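Structural features, examined
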Amino acid sequence: MPNIPPSLQSLQTALQKANIDLLVVGPTANMRYLLHYLPHADERLCLLLVWSDQARIVTPELNAADFAAHTDLPLYRWVDADGPRRALSDALAGLPARRLAVDGGMRADFLLHLLQVTAPEQVIPAADLLTPLRARKSEAEIEALARAAAQADRAMQAAVDACRPGATEAEVAWAAEAAFRKDGAESVTFTLVASGPNGASPHHNTGSRRLAPGDAVVIDIGASLNGYQSDITRMVFLGDPPPAFRQAYQAVLEANRQARAAVRPGVPAQEIDRTARRVLDEAGYGPYFIHRTGHGLGLEIHEPPWIMEGNTEPLAPGMVFSVEPGVYLPGEFGIRIEDIVAVTETGGRTLTGFSHELVVK
Ligand code: ZN
Ligand code: ZN
């Protein structure tokens, strides 16, 4: 019998309960979650097929040796000259495929191949079955996220050090990116640096603007370490911060603190959002907090649970998400303070460790 990772076993139990014949994932975070391995992904058809009692892989011959080194599931190989259709048909032969669950992140042309071979009666998103499993991280996953968060702390220090009048946003972003890479990050997911009025756009595209005295600088960075993501935001102020800025900073920091303190099992996800929003409302910044309070993260940078109004799902041990309240004043500045929190048996554990004090340079 092949050696089946626990995540794949749990999924097989879920398939049985949901009465789904076959779940199919492409080379996405879902495959990485189920196999603890992610092959090189390109236009060549590559699928993991999961039934309640077995699993098979369809792979281009080019990736077969790498797959074989990471899993002993049966491989159905194909070469470029033949195309994938026969390997896919062979992998599906004699097994049920009327009720399908399909990875939403799979390429559309992979799905077309699959639908042509299986002609299913019903297709549901694989997320319906995978999200509840992936949302509750194992201890090993939480430690991986803690290591990623510690790496982001170090990259944040490099970005903070690079902030000075005359430096461009891109140069500060590069300091963080280089720090991540030298520190062994698998890939750098984003390095957002928004200076002065640019900070008022939460998704500003880091550019060539030069930092100047009087600028507030939003630094929001994240990378993948051994597959697990980091995400942290801190603020730098160049020069002497005016009272209006200090006041807003204190309000955002208090929103961040109170929201993190509210984390414990059983609390609805929206309560964390409400806690942050209440603090900013009371301080008069309610209209300027223009996004949800947070998002889950794990193998992907944004994944459930969503920390927002309307999400009544109770928090549970093992969930990991960001707490990132912000205030955005158009034409003036933006402020965001972001941490990553893991739900424990009794409360919340903040994985990011960088100081919350405003950095004044
Ligand atoms: Zn972020
Ligand atoms: Zn985030």
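Residues numbered from 1 in each chain as written. Chains lettered and ligands numbered in written order. Predicted model: local features only at pLDDT ≥ 70, side-chain atom pairs only at ≥ 80, totals over all residues. Heavy atoms only, no water.

With that out of the way, let us pick up the overall build of the chain. In terms of regular secondary structure, the chain is built from ten helices and 18 strands. On C-alpha atoms alone, the chain measures out to a radius of gyration of 23 Å, which is about the 21 Å that the 2.2 N^0.38 rule sets for 361 residues. Principal axes of the C-alpha set define a box for the chain whose edges measure 70 × 45 × 30 Å. Looking at the chain as a whole, 56% of its 361 residues are labelled buried. Summarising the internal contacts of the chain: among those between residues at least 6 apart in sequence, 65% fall at separations of at least 24. Here the chain displays about 15,300 Å² of accessible surface, and carbon together with sulfur accounts for 51% of that area. Side chains of the chain carry 32 positive and 43 negative charges; the gap between the two charge centres is 1 Å. (Helix = DSSP H or I, 4+ residues; strand = E, 2+ residues; numbered from the N terminus. Rg over C-alpha atoms; globule rule 2.2 N^0.38 Å. Buried < 20%, exposed > 50% of the residue type's maximum accessible area, 1.4 Å probe, protein only. Contact = heavy atoms within 4.5 Å. Areas by Shrake-Rupley, 256 points an atom, 1.4 Å probe, with all protein chains shown as cover. Lys, Arg positive; Asp, Glu negative; His and termini not counted. Charge placed at Lys NZ, Arg CZ, Asp CG, Glu CD.)

Strand pairs in the sheet, formed through backbone hydrogen bonds, run parallel or antiparallel to each other. Taking strand neighbours across the sheet as the criterion, the six strands line up as E4-E3-E2-E1-E5-E6 in an open arrangement whose pairing is mixed. One side of each edge strand has no neighbouring strand; the edge strands of this open sheet are strand E4 (75-78) and strand E6 (122-125). The sheet shows a mean angle of 20° between the axes of neighbouring strands, direction not considered. Here strand E2 (residues 47-50) runs beside strand E3 (residues 55-60); their pairing, made up of four bridges, is antiparallel. When the sheet's bridge partners are listed, Leu48 is paired in E3 with Ile57. Along the sheet, helix H3 (residues 61-70) makes contact with E3 and E4, crossing E3 at roughly 135°. Most of the contacts of helix H5 (residues 108-118) go to strand E5 (residues 99-102), to which it runs at about 175°, and overall it touches strand E1 (22-25), E2, E5 and E6. (Pairing = 2+ DSSP bridges. Axes fitted to C-alpha atoms, helices over the stretch in contact; angles between N-to-C directions.)

At this site the zinc ion (ligand 1) is bound by Asp220 (OD), Asp220 (OD), Asp231 (OD) and Glu338 (OE), with donor distances of 2.0 to 2.6 Å. With four donor atoms in place around the zinc ion (ligand 1) and angles of 55 to 146° between them, the coordination shape is irregular. Between the zinc ion (ligand 1) and the zinc ion (ligand 2), a spacing of 3.1 Å is present, and a bridge between the two is formed by Asp231. On the criterion of sequence distance, the pair formed by Asp231 in the loop between strand E9 (228-229) and strand E10 (232-237) and Glu338 in the loop between strand E15 (333-336) and strand E16 (339-343) is long-range, its members being 107 residues apart. Take Glu338: its relative accessible area is 0%, and that puts it in the buried class. (Donors = N, O, S within 2.8 Å, 3.2 Å for Na, K, Ca; no water. Tetrahedral: all angles 85-135°; square planar, octahedral: opposite > 155°, others 65-115°.)

This brings us to the domain arrangement of the chain. The domains assigned to the chain are domain 1 (6-134) and domain 2 (139-360). One C-alpha centre belongs to domain 1, the other to domain 2; they are set 35 Å apart. Counting residues at the interface gives five residues for domain 1 and eight residues for domain 2. Applying the counting rule to domain 1 against domain 2 returns three salt bridges. With a closest N to O distance of 2.9 Å, Glu186 and Arg32 form a salt bridge. (Domains from an automatic or database assignment. Salt bridge = Lys/Arg side-chain N within 4 Å of Asp/Glu carboxyl O.)

The protein atoms donating to the zinc ion (ligand 2) are Asp231 (OD), His295 (NE2), Glu324 (OE) and Glu338 (OE), with metal-donor distances spanning 2.1 to 2.2 Å. Each of the four donor atoms bound to the zinc ion (ligand 2) contributes to angles spanning 78 to 157°, and the resulting shape is irregular. Positions of the donor residues of the zinc ion (ligand 2) along the chain correspond to the pattern D-x63-H-x28-E-x13-E.

Here E2 shows two buried faces, one formed by Leu47 and Leu49 and the other by Leu48 and Val50. In terms of strand pairing, E1 meets E2 through three bridges, oriented antiparallel. Note that in E2 the partner of Leu23 across the bridge is Val50. With antiparallel pairing between neighbouring strands as the criterion, E2 and E3 make up a hairpin whose turn holds four residues.

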